[in-house]
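Now for the letters of each chain:
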Amino acid sequence: VSTQSTGTFYYISAWNCGFLQRCPSWNCLVYNDLSSLLHTRMRLVSCLLLALCSSLVLGQEDTDDFALGFEVMVMEWVGSILDNSTESGFYTEFDSYLTTELEQSFCFDIAEECTDSEYLGCACTNAFKEQGDTCAKMPCAVYKFLYKELADILVDFLADILAEQGTMNLEQGIEILGSNVYVPLMSIFCNCTPGIYEATFQCIRNYDGDILEESGMGAMYRVIVGMLDLDSMQNIMAALLEPHCQPADGVDGENFCFDKFAKMFTTWGAMMDNTFKPFVGTKSCDAFKRVKSEFMRFGKMMDSPNMNVKKILKSYVALEKKIMCNSKCQET
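All figures in this text were calculated on a predicted structure; none of them were measured in a lab. Position numbers for residues count from 1 along each chain, tracking the sequence in the order it is written. Local features in this predicted model are restricted to residues of pLDDT 70 or higher, and side-chain atom pairs are both shown and tallied only at a pLDDT of 80 or more, whereas totals for entire chains, interfaces and linings draw on every residue. Side-chain numbers here rest on the full set of heavy atoms in the structure, without hydrogens or water.

### Some thoughts on the environment of Ala-123
The criterion, for reference: Helix and strand definitions here come from DSSP, where helices need a minimum of 4 consecutive H or I residues and strands a minimum of 2 consecutive E residues; each element is numbered from the N-terminal end. We call two residues in contact when some of their heavy atoms are within 4.5 Å.
Here Ala-123 is to be found in helix 6 (residues 122-129). If near-sequence neighbours (up to four positions away) are discounted, Ala-123 is found in contact with Asn-206 and Asp-208.

Structure below.
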C-alpha cells in the first residue's frame, strides 16, 4: 500500500480491485471465463484486507481519507444493486432473473420426477431429494431468503455501517449480517447435516444444469471437476462447518454454536473499528494493529496473481496464531 498522502489514491486502489462494478448483464456471470471469475472472488477478500492494511501502515490523516473513500465505495456498490421499486428490492435485471429463472430451478416439486432444470440440474435436485422432505426444500428456503429478505437486510447494514459520515461502524454492520444473514442460513443448513455435505458434492460431481451446455462450458467444467479431489474437499467442508453446527454447551436441542460464532464475528468487527482509532495502542488486544506484519503478509499472498494455496494457508495460520495465542490477550 503506497503511503502517498491522498485519500483519492486509496479510493481508486480499492475500486480497481474490480469486485464492485456491477455486471451489466447477468449472462456475463454465467459466460465469464471460470478462472477469471474465481480470481474475482478472491480479490474481494484482498480488497477488504486493503482497508485494514491502510490503518496499519498509514498516518491518521491518510487513514481518515481512506475510511471516507471506503465509505463512498460501499455506498455506491450496495446502492447500485438495490432498488426499492422491485419486489425483491434488488435492481430490475437481477429481480427479473430471480423471479423468472431461479425460482423454477430451486423451488422444485419434491414429488415430481426431474426432467429439466436450467440452473440447479436434475442430478443436484435428486441429490437433495435423497435427504428427505425437509432438506429437499433447503435450496428453495435459501432462494426465498435471498428474494424476500436479503435486500432489506442490506439496507439496514448500509445505514448502520455508515451511521456517522467518515466513520465505518463495522461492529454494527457485522452484527446485522451475523444476526440476519449468517444465523438464519446456518439454522437451515445445520438441520440438514451431515447429509448436506454429500448432496452438495453430488451436485458438483454430476452437475447437469442446462445452462452448462448452453454456455459452452460443459467440457471445461468436466475437465476441471475431474482434476479435483472432491472427497478431500468434502471432508474439508465438513471440518470447517461442523463446529458451527454443534449443540451449544454440548446439550442437544435447538441451540447451536453458530449463535456464539455470530457474536465472535461481531467482536471481530469491533476490533476492526478499533484498528482505525488513533487512541488505540499498537499492542492492544482489542485491535489488529499488533498483527501488522502478519496481516500484510497474508494480504500480499491473497492478492498474488499466482496464488499458492499452501503459502496462503501458512500465512493465515501465522496470522491466527498471533491474534489468538498471545498469552496476554487470551486473558482479556
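Let us keep going from here.
### Topic: the pattern of salt bridges
For clarity, the cut-off: The rule for a salt bridge is simple: a side-chain nitrogen of Lys or Arg has to be within 4 Å of a carboxyl oxygen of Asp or Glu. The rule is simple: take the accessible area with a 1.4 Å probe, protein chains only, and divide by the maximum for that residue type; under 20% is buried, over 50% is exposed, in between is partly exposed.
Counted under the stated rule, the structure contains three salt bridges. Arg-205 serves as the salt-bridge partner of Asp-231, at 3.3 Å between the closest nitrogen and oxygen. Placement of the pair is Asp-231 in helix 14 (residues 230-241) and Arg-205 in helix 11 (residues 195-205), with a sequence separation of 26 residues. By relative accessible area, Arg-205 is classed as partly exposed at 34%.

### Quick word on the packing of helix 16 (residues 292-302) against helix 17 (residues 309-324)
We apply this condition: What counts as an axis is a line fitted to C-alpha atoms, over the stretch in contact for a helix, and the angles between N-to-C directions run from 0 to 180 degrees. By definition in this entry, angles of less than 35 degrees are roughly parallel, angles greater than 145 are roughly antiparallel, angles of 65 to 115 are roughly perpendicular, and the rest are oblique. Here is the rule for handedness: rotate from the far helix to the near one, and if that takes an anticlockwise turn smaller than a right angle the crossing is left-handed, while a clockwise turn gives right-handed.
Direction vectors running N to C along helix 16 and helix 17 enclose 155 degrees, while the axes themselves pass 9 Å from each other. Between helix 16 and helix 17, the crossing angle belongs to the class labelled roughly antiparallel. As helix 16 runs across helix 17, the sense of the crossing is left-handed. Across from Glu-294, Phe-295, Phe-298, Met-301 and Met-302 in helix 16, the residues of helix 17 making contact are Lys-311, Ile-312, Ser-315, Tyr-316, Ala-318, Leu-319 and Lys-322.

### Quick look at the side chain of Thr-125
Stated precisely, the cut-off is as follows: Side-chain atoms alone can form a polar contact between residues adjacent in sequence; in general such a contact is a pair of N or O atoms within 3.5 Å, and within protein one must be able to donate a hydrogen while the other accepts it.
Summarising the element assignment, Thr-125 is placed in helix 6. A polar side-chain atom of Thr-125 sits 2.8 Å from the main-chain carbonyl oxygen of Gly-121. Excluding residues that lie within four positions of it along the chain, Thr-125 makes contacts with Phe-108, Cys-114, Ser-117 and Leu-120.

### Observations regarding the packing of aromatic side chains
To describe a pair of aromatic rings, one takes the distance between the centres and the angle between the planes. Threshold: Only Phe, Tyr and Trp rings are paired, with Trp represented by its six-membered ring, and only when their centres lie within 6.5 Å; those with planes under 30 degrees apart are stacked, over 60 edge-to-face, the remainder tilted.
Inspection of the entire model under this criterion finds 13 aromatic pairs. With a centroid separation of 5.1 Å and 75 degrees between ring planes, the pair formed by Tyr-182 and Phe-265 is classed as edge-to-face. Of this pair, Tyr-182 sits in helix 10 (residues 170-190) while Phe-265 is found in helix 15 (residues 258-275), placing the two residues 83 residues apart along the sequence. With a relative accessible area of 15%, Tyr-182 lands in the buried category. Ring pairs connect the aromatic residues Phe-90, Tyr-91, Phe-94, Tyr-97 and Tyr-119, which therefore count as one cluster.

### With respect to the nonpolar core
Threshold: We define a nonpolar core as any set of buried Ala, Val, Leu, Ile, Met, Phe, Trp, Tyr and Cys residues linked to one another through side-chain atoms lying within 4.5 Å.
By size, the foremost hydrophobic cluster in this structure holds 38 residues, and its most contacted members are Leu-82, Phe-90, Leu-98, Leu-154 and Phe-288. Looking at this core element by element, the count peaks at seven residues for helix 9 (residues 150-161). Excluding anything up to four places from it in sequence, Leu-98 contacts Ser-88, Phe-90, Glu-103, Tyr-143, Leu-146 and Tyr-147. Counting residues in hydrophobic clusters, the runner-up holds 26 residues, among them Leu-120, Ala-127, Ile-196 and Cys-245.

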